[in-house]
Amino acid sequence: MTMILSVTKIGRAMGAAALVAGLAFAAPAFASEAGGPVVETQSWSFAGPFGRFDKAQLQRGYKVYKEVCSTCHSMNLVSFRNLADAGGPGFTMDQAKALAATIKVKDGPNDAGEMFERDGRPSDRFAAPFPNDEAARASFGGALPPDLSLIAKARAVHRGGASFLGDPFTLYAEAGPDYVYNLLTGYVEAPHGVTCDGALQYNQSFIGGTCIAMPPPLTDDIVTYDDGTKGTVQNYARDVAAFLMWTAEPKLEARKSTGLKVMMFLIVFAGLLYLTKRKVWSSVAH
Amino acid sequence: MSGHSTYTPSNGFTRWIDSRLPIIRLGYDSFVAYPTPRNLNYWWAFGAILSMMLAVQLITGIVLVMHYTPNTLMAFNSVEHIMRDVNWGWLMRYMHANGASMFFIAVYVHILRGLYYGSYKAPREILWILGVVIFLLMMATAFMGYVLPWGQMSFWGATVITNLFSAIPLVGDPIVTWLWGGFSVDNPTLNRFFSLHYLLPFVIVGVVVLHVWALHVVGQNNPTGVELKSEQDSVAFTPYATVKDAFGMVVFLIFFSWFLFYSPNYMGHPDNYIPANPMVTPAHIVPEWYFLPFYAILRSIPDKLGGVLAMFGAIAVLFVLPWLDTSKVKSATYRPLYKQFFWVLVICGLGLGYLGSQPAEGGYVVASRILTAWYFFHFLVILPVLGLVEKPRPLPESVTAAVLAKNAAH
């Protein structure tokens, strides 16, 4: 019994020791993250509680997506009508109709039981470049270009350490677009001693490994912007990342503006309840 | 319900009701006249907050089911249909997903409040055990709910967790096949998880009724841990507890809204926005954050069966907690040593949670083992021994005496 008693007395010290030991063992693992993907955070118009999409930026991003990304990547969850939705790129319904009409859609069967081709309508989804994943893989040596509808929410880079503890306070929720931007601009000279097999490319920001199957998709002046914005890789990357955030989270503006109203209501309501509570309890010592 | 009913029907109609089904009397006795300790602090608001979160999950869940399709080929896109095309669907779905996290935040606070103030001790053992049952049901419900969107983490989380049952000797593999409804996690698995995910919340409601019933028989514990002795130790539930709980609930809703509206994916995993693909395993399979401490315990044991037993043991130990703690004093306020061990346990739990999110390798595994050992050491060794050796501080005469002494000191 005395032995157990002394164990209890040093229990406190042991608890502290266990924690220190735990952190000490964990420390070397943090260090390995230093060599991880390079992701520099960008400034986004849609960040923070009052964030809104920049319509001009989304329209530019759409153009980059359409002229560059969509030649290999599908975007199966987005329809042309969405381009005219509130909180989106701000195309008119007529513009959305015109854009939809540029594609051919296989439909049917008709009354005669035949499949037929028709012009696209606003309710049609964006056209996929390949009929199925296997066809896409066959064209890219086995690599599948992922669907881009949700990519800005389906990718994020761990920034290491305890940064996740600060995110709820700073409301950092743009890890996805930050990653897309950095990936598109991350094709740099491979460091000494790093080689990529065959058609693979070195990319300093890729989270899936050292080398990526996607060749550098953007070069300066590859897309001509209609609003005079300079056609640089950085501008393309930033604009298309913003566009992909919108396709991943099309109700972002509705969410943030609803949030503001709900917050204001709840804060006033809480204040009134607190005053009521004080009044009710004022005659009772507690 | 402790003591006789003070309800008097005020008119002919309520008298007529009362003599046939005294449901108004039940409500009055439980939520109006019910005596509640006058010294409760805001940690006691989490019971009401949990009831609110259960209601939020039920209502949003029932609406989501109107638009969701439990089929492996359609589930993922039906969730995206809710997010994109259903009016206010994004709100329902984010409320439900974040609501689950909020539910667990509240339940962990509620459990820790019980641990700190000794709310599991006589005469509240059954009340406590029912609470642990609710916690287990919540875990099962949340786990199956996370599978429904049929993203990568849904699929692989389901695969990892159901595979745990294969650790059972002899019948492990047949049990796993039976759980899956096939030879891998597939459409039959999704369908039964959906069915059970819809069923279990109502089971939770039932056990919550028992939990509240037991609470109203034995009465609430309070920060002194001293049982109520006279009428002046308590106040009527309404308006005193009602308004205080309402304030606590609205403050919690502000906290909930902060995540819901401004960072709704913070507590989720990006991989769950990738449709489930049985051919591609994610680099790190991690459960939802609220399972991470138990996941760390699972992985800290090098043996599969041992890990499973340790994980379930970590919860099973809570069932016998009322008999492991040998101290007669309830509240940590009057237990100088227990108070410190309590906080060490909290830090141990947070540490396990962090380690559960990290890859099971190197220093992380060693740290998990140390903290897992500490977790069990706390319940199985420290608590029984502490009650015998600790010298508690003198207890107040009564709740009222404690309140008056505190107010005099200020």
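Residues numbered from 1 in each chain as written. Chains lettered and ligands numbered in written order. Predicted model: local features only at pLDDT ≥ 70, side-chain atom pairs only at ≥ 80, totals over all residues. Heavy atoms only, no water.

1. Structural notes on the overall build of chain A
Next up, step 1: When helices and strands are counted, chain A shows 9 helices and 4 strands.
Next up, step 2: When the helices and strands of chain A are listed from N to C terminus, the series reads α-α-α-β-β-α-α-α-α-β-β-α-α.
Next up, step 3: Buried positions account for 39% of the 286 residues belonging to chain A.
Next up, step 4: Of the contacts made within chain A by residues no fewer than 6 positions apart, 61% connect residues no fewer than 24 positions apart.
Next up, step 5: Here chain A has roughly 15200 Å² of accessible surface; of this, 59% comes from carbon and sulfur atoms. (Helix = DSSP H or I, 4+ residues; strand = E, 2+ residues; numbered from the N terminus. Buried < 20%, exposed > 50% of the residue type's maximum accessible area, 1.4 Å probe, protein only. Contact = heavy atoms within 4.5 Å. Areas by Shrake-Rupley, 256 points an atom, 1.4 Å probe, with all protein chains shown as cover.)

2. Considering a nonpolar patch on the surface
Next up, step 1: Taken together, A:Val268, A:Leu272, A:Tyr274, A:Leu275 and B:Tyr42 make up a surface patch of nonpolar side chains, about 480 Å² in accessible area.
Next up, step 2: Topologically, A:Leu275 is positioned in helix α9 (residues 252–281).
Next up, step 3: What makes A:Leu275 exposed here is its relative accessible area of 55%. (Patch = residues over 30% accessible without salt bridge, like charges linked within 9 Å, V, L, I, M, F, W, Y side chains within 5 Å. Salt bridge = Lys/Arg side-chain N within 4 Å of Asp/Glu carboxyl O.)

3. Points about the nonpolar core
Next up, step 1: Ranked by internal contacts, the top residues of the largest apolar core, which has 159 residues, are A:Tyr62, A:Tyr65, A:Phe126, B:Met53, B:Leu115, B:Tyr375 and B:Phe379.
Next up, step 2: At 14 residues, helix α6 (residues 125–147) of chain B tops the list of elements feeding residues into this core.
Next up, step 3: When near neighbours in sequence (up to four residues on either side) are disregarded, B:Leu115 contacts B:Tyr120, B:Trp128, B:Leu321, B:Tyr338, B:Phe342, B:Leu345 and B:Phe379.
Next up, step 4: One finds A:Leu266, A:Val284, B:Val235 and B:Val243 within the second-largest nonpolar core, a separate group that totals 10 residues. (Core = buried A, V, L, I, M, F, W, Y, C linked by side-chain atoms within 4.5 Å.)

4. Digging into the state of the cysteines
All names here are of chain A.
Next up, step 1: Here the structure, examined in full by the defined rule, presents 1 disulfide over all chains.
Next up, step 2: With its sulfur 2.0 Å from that of its partner, Cys196 forms a disulfide with Cys211. Taking the sign of the torsion about the S-S bond as the criterion, the disulfide between Cys196 and Cys211, at about -80°, is left-handed. Linking Cys196 in the loop between α7 (175–184) and β3 (201–202) with Cys211 in strand β4 (residues 211–212), this pair joins segments that are 15 residues apart in sequence.
Next up, step 3: The thiol of Cys72 is not disulfide-bonded; the next cysteine sulfur, from Cys69, is found 8.9 Å away.
Next up, step 4: You can call Cys72 partly exposed: its relative accessible area is 27%. (Disulfide = S-S within 2.5 Å.)

5. Re the interface of chain A and chain B
Next up, step 1: Opposite the 63 residues of chain A that make contact, chain B presents 59 residues.
Next up, step 2: Taken together, both faces of the contact between chain A and chain B bury some 5400 Å²; the carbon and sulfur share is 73%.
Next up, step 3: At the junction of chain A and chain B, the tally comes to 1 salt bridge.
Next up, step 4: Here chain A is connected to chain B by 13 residue pairs in polar contact (both at pLDDT 80 or more).
Next up, step 5: Mapped onto the side of chain A that touches chain B, the elements with two or more residues apiece are α1 (2–32), α5 (151–154), α6 (163–170), α8 (233–248) and α9 of chain A.
Next up, step 6: Top contributing element to the side of chain A that touches chain B by residue count: α9(A), with 18 residues.
Next up, step 7: Here the side of chain A that touches chain B is built from residues that sort into 41 nonpolar, 11 polar and 11 charged. (Buried area = accessible area lost by both parts, 1.4 Å probe. Polar contact = N/O pair within 3.5 Å; in protein donor to acceptor, adjacent residues only side chain to side chain. Nonpolar A, V, L, I, M, F, W, Y, C, P; charged D, E, K, R; others polar.)

6. Focus on the pattern of salt bridges
Next up, step 1: Scanning all chains against the criterion turns up 17 salt bridges over all chains.
Next up, step 2: Across the pair A:Asp119 and A:Lys104 runs a salt bridge, and its minimum N-O distance is 2.4 Å. Placement of A:Asp119 in strand β2 (residues 116–119) and of A:Lys104 in strand β1 (residues 104–107) is noted, with a sequence separation of 15 residues between them.
Next up, step 3: The exposed category is assigned to A:Lys104, whose relative accessible area is 53%.
Next up, step 4: With its nearest N and O atoms 2.6 Å apart, the salt bridge here joins B:Asp18 to B:Arg25.
Next up, step 5: By relative accessible area, which is 15% here, B:Asp18 ends up buried.

7. Some points on the side chain of B:Thr60
Residues and elements named next belong to chain B.
Next up, step 1: Topologically, Thr60 is positioned in helix α3 (residues 46–65).
Next up, step 2: Taking the relative accessible area as the measure of exposure, Thr60 reaches 3% and is therefore buried.
Next up, step 3: A polar contact of 2.9 Å, which involves the side chain of Thr60, links it to the side chain of His96.
Next up, step 4: When neighbours within four sequence positions are excluded, Thr60 is seen to be in contact with Met92, Met95 and His96.

8. Concerning helix α3 (residues 93–100) of chain A
All names here are of chain A.
Next up, step 1: Those residues of α3 that fall on the buried side of the exposure criterion are Ala96, Leu99 and Ala100. Projected down its long axis, α3 shows its buried positions confined to an angular sector of 100°, all on one face.
Next up, step 2: Looking at the buried side of α3, the elements it contacts are α2 (55–67). (Arc of directions from axis to C-beta.)

9. Re the packing of aromatic side chains
When we look at a pair of aromatic rings, we describe it by the centre distance and by the angle of the planes.
Next up, step 1: Inspection of the entire model under this criterion finds 49 aromatic pairs over all chains.
Next up, step 2: With centroids separated by 5.8 Å and ring planes inclined at 65°, the aromatic side chains of B:Tyr42 and B:Phe247 adopt a geometry described as edge-to-face. With B:Tyr42 in the loop between β1 (35–37) and α3 and B:Phe247 in helix α10 (residues 237–262), this pair connects stretches of sequence that are 205 residues apart.
Next up, step 3: Each ring, one from B:Phe135 and one from B:Phe294, has its centre 6.2 Å from the other, and the planes form 50°; the classification is tilted. Of the two residues, B:Phe135 sits in helix α6 while B:Phe294 sits in helix α11 (residues 292–300), which places them 159 residues apart along the sequence.
Next up, step 4: With relative accessibility at 2%, the residue B:Phe135 sits in the buried group.
Next up, step 5: Assessed through its relative accessible area of 9%, B:Phe294 is described here as buried.
Next up, step 6: In textbook terms, an aromatic cluster arises when at least three aromatic residues are bridged by ring pairs, as seen for A:Tyr62, A:Tyr65, A:Phe80, A:Phe91, A:Phe126, A:Phe243 and A:Trp246.
Next up, step 7: In this structure, B:Lys244 is placed above the aromatic ring of B:Tyr42, and the distance from its NZ or CZ to the ring centre is 5.1 Å. (Phe/Tyr/Trp six-rings, centres within 6.5 Å; stacked < 30°, edge-to-face > 60°. Lys NZ or Arg CZ within 6 Å of the ring centre and 35° of its normal.)

10. Regarding unusual backbone geometry
Next up, step 1: Geometrically, the link from B:Ala122 to B:Pro123 is a cis peptide bond, its omega value of 10° lying close to zero.
Next up, step 2: Residue position: B:Pro123 is located in the loop between α5 (89–116) and α6.
Next up, step 3: A positive phi angle, close to 65°, is found at A:Asp221, a residue other than glycine.
Next up, step 4: Within the secondary structure layout, A:Asp221 lies in the loop between β4 and α8.
Next up, step 5: The exposed category is assigned to A:Asp221, whose relative accessible area is 60%.
Next up, step 6: With a phi angle near 65°, B:Leu170 is a residue other than glycine that sits in the positive phi range.
Next up, step 7: Residue position: B:Leu170 is located in the loop between α7 (152–163) and α8 (172–180).

11. A look at the confidence of the model for chain A
Next up, step 1: Here chain A averages 89 in pLDDT, and 88% of its residues register 70 or above.
Next up, step 2: Low pLDDT (under 50) marks residues 1–34 of chain A, which in the prediction has 34 contacts with non-local residues, meaning those over four places away or in another chain. (pLDDT = per-residue confidence, 0-100.)

12. Focus: the environment of B:Met144
Next up, step 1: Tracing the chain through its elements places B:Met144 in helix α6.
Next up, step 2: Distance in space between the C-alpha atoms of B:Met144 and B:Tyr198 is 9.6 Å, their sequence separation being 54 residues.

13. Focus: the packing of α11(B) against helix α12 (residues 304–319) of chain B
Residues and elements named next belong to chain B.
Next up, step 1: Closest axis-to-axis distance for the α11/α12 pair is 7 Å, and the angle between their directions is 145°. In this structure, the crossing between α11 and α12 has a hand that is right-handed. Contact residues: Phe294, Ile297 and Leu298 in α11; Gly307, Val308, Ala310, Met311, Ala314 and Ile315 in α12.
Next up, step 2: Its residues placed into classes, the contact of α11 with α12 shows 8 nonpolar, 1 polar and no charged. (Axes fitted to C-alpha atoms, helices over the stretch in contact; angles between N-to-C directions. Left-handed = near helix turned anticlockwise from the far one by under 90°.)

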